[in-house]
Amino acid sequence: MNIRRVFRASVLTLALYFALQPAAAFAENKPPLVLGFMPYLNAELLLEKYTPLAQYLSRKIGRTVQIHVAKNYAEHIRATGEDELDISFLGGSPYVVIGDEYGLKPLLARYEFDGAPTFGAVIFVAKNSPVQSLSELTGKRVAFGSAKSTLSTQVPVYMLMQAGVQLRDLAAYEHLRNHTNVILGVELGDFDAGAVAEEVFQENADKNIRVLAHSPVLSTHVFVTRTTLDQNLRTRIASALTSLKDDPQGAAVLKAIGGNLSGFVPVQDSDYDLHREILKDVLPVLEP
Amino acid sequence: MIQGLHRKNRQVFAAVIALLSVAISLASMYIYDQQKQQLHNSLSRKVVTELDLIGSVLTDAMLRHDYSEGRRLLADWPINHPDVVELTVLMDNGVTFFAYRNDQVDKASPSLTRDFRYAERTLSITLCHDATEVSTTLAQLSRNLLIASLAVMVLIGAALWFILFRWMIKPMEQEISRQTHELRKSHDHLEEQVLERTASLANEVEIRKRAEQSLRKLVRVVDQSPIMVFITDTEGIIEYVNPKFEQITGYSREEAIGANPSILKSPDTPREVHEDLWNTVLAGKEWRHEIKDLCKDGSDFWASVHITPIRDKNGDISHFASLHEDITERKQAELEIENARRAAELSDKAKTELLANMSHELRTPLNAIIGFAETMRHKVFGPLANPKYEEYADFIHSSGSHLLELINDILDVSAIEAGKLTLREETVDVTEICAATLEIIRPRAHEMHIELTGIDIPDLPLLRADPLRLKQIFINLLCNAVKFTPENGAVSCNAVLDQQGNMILSVMDNGIGMTSEELVKALDTFGQVDSSLSRKHEGTGLGLPLTKGLVELHGGEMEIASAPGKGTTVLLHFPSDRVLEVDSPQNQAV
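Every residue gets a number counted from 1 within its own chain, in the order that chain's sequence is written. Whichever chain is written first becomes A and whichever ligand is written first becomes 1, with later ones labelled in order. This being a predicted model, a pLDDT of at least 70 is required before a residue's local features are given, and a value of 80 or more before pairs of side-chain atoms are given or counted; all residues contribute to the totals for chains, interfaces and linings.

A. Here's a closer look at the overall build of chain A. A run of H or I in DSSP becomes a helix once it reaches four residues, and a run of E becomes a strand once it reaches two; helices and strands are each numbered from the N terminus. Along the backbone of chain A there are ten helices and 13 strands. For chain A, the proportion of its 288 residues judged to be buried stands at 48%. Buried, partly exposed and exposed are defined by the number of other C-beta atoms within 10 Å of a residue's own C-beta, namely 20 or more, between the two limits, and 12 or fewer respectively, with C-beta atoms placed from the backbone.

Laid out in structure tokens, this is it:
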């Protein structure tokens, strides 16, 4: 058994318990709110990153907020679509898909990186790779993230399609469990190229990899609520999120989430039209 | 020998201990190497096992392209296995997938690297474990082995010492010592037996030699014997004759052997003698006789014959030994002696007759002479014409008496020597006889102023004796005492009974005495001691021999003690059977 992991989980649980004690004091009989995540990172890492945020929200909205990490993207999408999650973290593509399938979910706030509420995907190769353009990936092995991942699959596939490279033109492609595996798959040489969120790439910029192509700018990840959530509560949550960067503890919460996240900002459905356009081209390929 | 064995045992023990030490050292080294090899192998197997496990799990993750899971597995591995010193995963393109190294470990096992394939890729996993525990274990093992080796050496040495010396060597030494002792005893015993046997053999040889010498001596004795010897078988056939046989009989050895002893048979020997001879010897008895043997030339000789049966080991008669001693000369001598004896008897008879005749023929005229001289001295028929006649008459009477006394003494001595004198024994009072005798002697003693003392013992027993002869004894002794005692001397008589009841009479004087030579001479017949004093008193010289004869005729003894100048004491011992109490029945009967 991984002792370090157990120890870390125990610490987090205890921290969460003590952090929620004040909220619990005034929300005794109300069930906790569930903050759900898709497994775009390890569940452990996700807990580590978002526990401060959950504590922050609990304090702000007066109800306990629990973090839930789905087994996979499909599970998370289903749970979100079926309103099993009070608060759900979604990429732009899942948001669009869920909207198309289950109806639009109320938006709370979207991520802001370095002051911008957008981000992009990166297709990268090893530093010593001879490939210099996307079109040269024909006949190459390419690693993607989860098939339902916006930045590690849908957007990169769209980029390849825009460059004239269809999936069938590739020698091979694999949907790896997370972005880290994509980085490692290219670094180790199992794949000639890989696609990850630009945020992840930047975190691994010291590795033996280089950017082959950047994607168009896309609206960042978003928090939605279940359709049935109280409007007042929805507003309070959205307010709490957007006011985080102004909160005295906001910097710590943002730093815990990592990257160059600078805060959460208000969001609207049209921010994800590009996602709808991409999905229109990509989904038939990815989910024939 | 035991000390030498001890020294050898110690050398063997030291050699065994040395070999044992080398063996234990080699065994310890072998065990150490085996253990070391085993530990290293174990460690290597462990590393290989872990490598296999890591490889299988890692390749599985890599096949699923779950690199982060693979890396997490690798990162967790040293945490879960603190003994891992190095864990490195290198891809086939030179990319390091994972690297871990613990530089704080001093001792590390040799790194093992194994390649694993997944898809068409190859990755190399290098794993190295901490060997400090192995090194510590080996160091501990080395110390333990050293201690154990020393302990084992000491224990085995002690056990060997105990077993070798207490259980084996010591009993063996004791057994050897006992056996050596037994062997020595046996050897000594054997030597004793050999010595005894040698002595016995020497003794037997000596005995045999002596026997042979004795046999040779016997043969020589027989051969050179002055006695005629011949040996016959039980049938009487002669088998051996000695040279004396040939010499006496005239038969040669060849002539005699095989012949019958009858060749020696003399016609003078009665037939019954020969029948007795054969009956006796055939009965197994010896036969002795004096017979005449006949020689080859017809002459004969007297032989003292001694025939002895010779018996074999079973006691059966096998031969007869016949010894014939020529006694012809002895026979002749005996004949001569017999003739001489007869002559002596005739002579003695003549002497006795002579003495008887002399006693009668000499005494008759002598009594006439003494009687007539007595008549003349007493002038029975008137005074003598001339005084000279009186003197002559006295001289005739004195000489006649002396002659008669001499004749009587000679006759008595002769009678005693011839055993013709017979005692007329009766009970006598010695005191009275002594007193009577003193009265006879007293006039002569008075002349010489010699003091006479008789027997003065009132309770003196009576004596059975011939009173006349006892008186004669006293007269002889007292006369001699007075005769050889100077003037103013003293003569005394005495009588005592000794412890055996014998009566001892004594006549003692303090006269001239005698030397031992003179005493012997005085006891000889007619042997008077030559002295000036004796010459004054003529005597027959028969007094003492006659007295001694008379005492001995009474069964007594006469003893004389004398010293010149001091006197003479004569002791007469009469046996106790002659001593009688005054009131004894015998006395009364008498």
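Moving on, there is more to tell.
B. Examining the sheet that holds strand S7 (residues 141–144) of chain A more closely. Residue and element names in this part refer to chain A. Taking strand neighbours across the sheet as the criterion, the five strands line up as S8-S7-S9-S6-S10 in an open arrangement whose pairing is mixed. Strand pairing shows two members of the sheet lacking a second neighbour, strand S8 (172–175) and strand S10 (209–214), which therefore form its edges. Averaged over all adjacent pairs, the angle separating strand axes in this sheet is 25°, with direction ignored. Strand pairing requires that DSSP identify at least two bridges connecting the strands. One ladder, built from five bridges, connects strand S6 (residues 121–126) with strand S9 (residues 193–197); its direction is antiparallel. Across the sheet, Phe124 pairs through a bridge with Gly194, a residue of S9. Along the sheet, helix H5 (residues 150–162) contacts S6, S7, S8, S9 and S10; its crossing angle with S9, the most-contacted strand, is approximately 120°. By the criterion used throughout, residues are in contact when their C-beta atoms, derived from the backbone, lie within 7 Å. In this analysis, axes come from line fits to C-alpha atoms, helices being fitted only over the stretch in contact, and the angle between any two N-to-C directions falls in the range 0 to 180 degrees. Contacting S6, S7, S9 and S10, helix H6 (residues 179–188) crosses the sheet at an angle of about 155° to S9.

C. Expanded view of the packing of helix H2 (residues 43–61) of chain A against helix H8 (residues 231–242) of chain A. Residues and elements named next belong to chain A. Two elements in contact, H2 and H8, have axes separated by 10 Å at closest approach and are oriented at 130°. As far as their axial angle goes, H8 and H2 are oblique. Crossing of H2 against H8: the hand is right-handed. In this structure, H2 uses Leu57, Lys60 and Ile61 to contact H8, whose residues at the interface are Leu233, Arg236, Ile237 and Ala240. In this scheme, roughly parallel covers angles under 35 degrees and roughly antiparallel covers those over 145, while 65 to 115 is roughly perpendicular and the rest are oblique. By the definition used in this description, the sense in which the near helix is turned from the far one sets the handedness, with an anticlockwise turn below a right angle giving left-handed and a clockwise turn giving right-handed.

D. Seen up close, the interface of chain B and chain A. Across the contact, eleven residues belong to chain B and 16 residues belong to chain A. By residue number, the principal contributor to the side of chain B that touches chain A is helix H2 (residues 67–80) of chain B, which donates four residues. When its residues are assigned to classes, the side of chain B that touches chain A shows five nonpolar, three polar and three charged. Polar here means any residue other than Ala, Val, Leu, Ile, Met, Phe, Trp, Tyr, Cys and Pro, which are nonpolar, and Asp, Glu, Lys and Arg, which are charged; Gly is therefore polar.

E. Looking closely at the sheet that holds strand S17 (residues 579–580) of chain B. Residues and elements named next belong to chain B. Reading across the sheet, the three strands line up as S10-S12-S17 and stay open at both edges, with antiparallel pairing between neighbours. Pairing within the sheet leaves two strands with one partner each, and these edge strands are strand S10 (426–428) and S17. In this sheet, strand S12 (residues 462–465) lies alongside S10 in antiparallel orientation, the contact comprising three bridges. Paired with Thr427 across the two strands is Arg464, which belongs to S12.

F. Looking closely at the environment of Ile24(B). The residue Ile24(B) is located in helix H1 (residues 2–63) in this model. Excluding residues within four positions of it along the chain, Ile24(B) makes contact with Ser149(B), Val152(B) and Met153(B).

G. Quick look at unusual backbone geometry. All names here are of chain B. Even without being glycine, Lys379 reaches a positive phi, approximately 50°. Counting through the fold element by element, Lys379 comes out in the loop between helix H7 (328–377) and helix H8 (387–417). Exposure remark for Lys379: the 12 C-beta atoms within 10 Å place this residue in the exposed category. Non-glycine residue Asn488 carries a positive phi angle of around 65°.

H. Expanded view of the nonpolar core. To define a nonpolar core, we join buried Ala, Val, Leu, Ile, Met, Phe, Trp, Tyr and Cys residues through C-beta atoms within 7 Å and take the resulting set. In terms of nonpolar packing, the biggest core is built from 101 residues, with Ile123(A), Phe124(A), Val186(A), Ala193(A) and Val196(A) touching the most fellow members. Sequence-distant contacts of Phe124(A), that is, excluding residues within four places in its chain, are made with Val186(A), Ala193(A), Gly194(A), Phe201(A), Ile209(A), Arg210(A), Val211(A) and Leu212(A). Ile441(B), Ile450(B), Val551(B) and Phe574(B) belong to the second-largest nonpolar core, a separate cluster that totals 38 residues.

I. Layout of the confidence of the model for chain A. Per residue, pLDDT captures the predictor's confidence, and it can take any value from 0 to 100. This prediction gives chain A a mean pLDDT of 87; 90% of its residues lie at or above 70. Across residues 1–28 of chain A, confidence stays below pLDDT 50; counting only partners more than four residues off in sequence or on other chains, it has 29 contacts.

J. Inspection of the environment of Val482(B) at higher detail. All names here are of chain B. As for its position among the elements, Val482 is in helix H10 (residues 467–483). Measuring from C-alpha to C-alpha, the distance between Val482 and Gly511 comes to 8.0 Å, with 29 residues separating the pair along the chain. Not counting the four nearest positions on each side in its chain, Val482 is found in contact with Ile441, Arg444, Ala445, Met448, Ile450 and Val491.

K. Spotlight on the pairing of strand S1 (residues 33–37) of chain A. All names here are of chain A. A large share of S1 lies buried, amounting to four of its five residues. Bridging between S1 and strand S2 (residues 65–69) involves five bridges; their strand directions are parallel. What sits directly across from Phe37, in S2, is Val69. Each parallel crossover has a hand, and the one from S1 via H2 to S2 is right-handed. Here two bridges tie S1 to strand S3 (residues 87–90), and the two strands are oriented parallel to one another. Bridging across to S3, Gly36 finds its partner in Ser88. Crossover handedness is defined here as right-handed if the route from the first strand over the helix to the second strand goes clockwise, with the strands pointing away from the viewer.

L. View of the pairing of S6(A). Residues and elements named next belong to chain A. For S6, a buried count of six out of six residues is recorded, marking the element as mostly surrounded by other parts of the structure. Two elements, S6 and S10, share five bridges in a ladder whose sense is antiparallel. The residue of S10 that forms the bridge with Val122 is His214.

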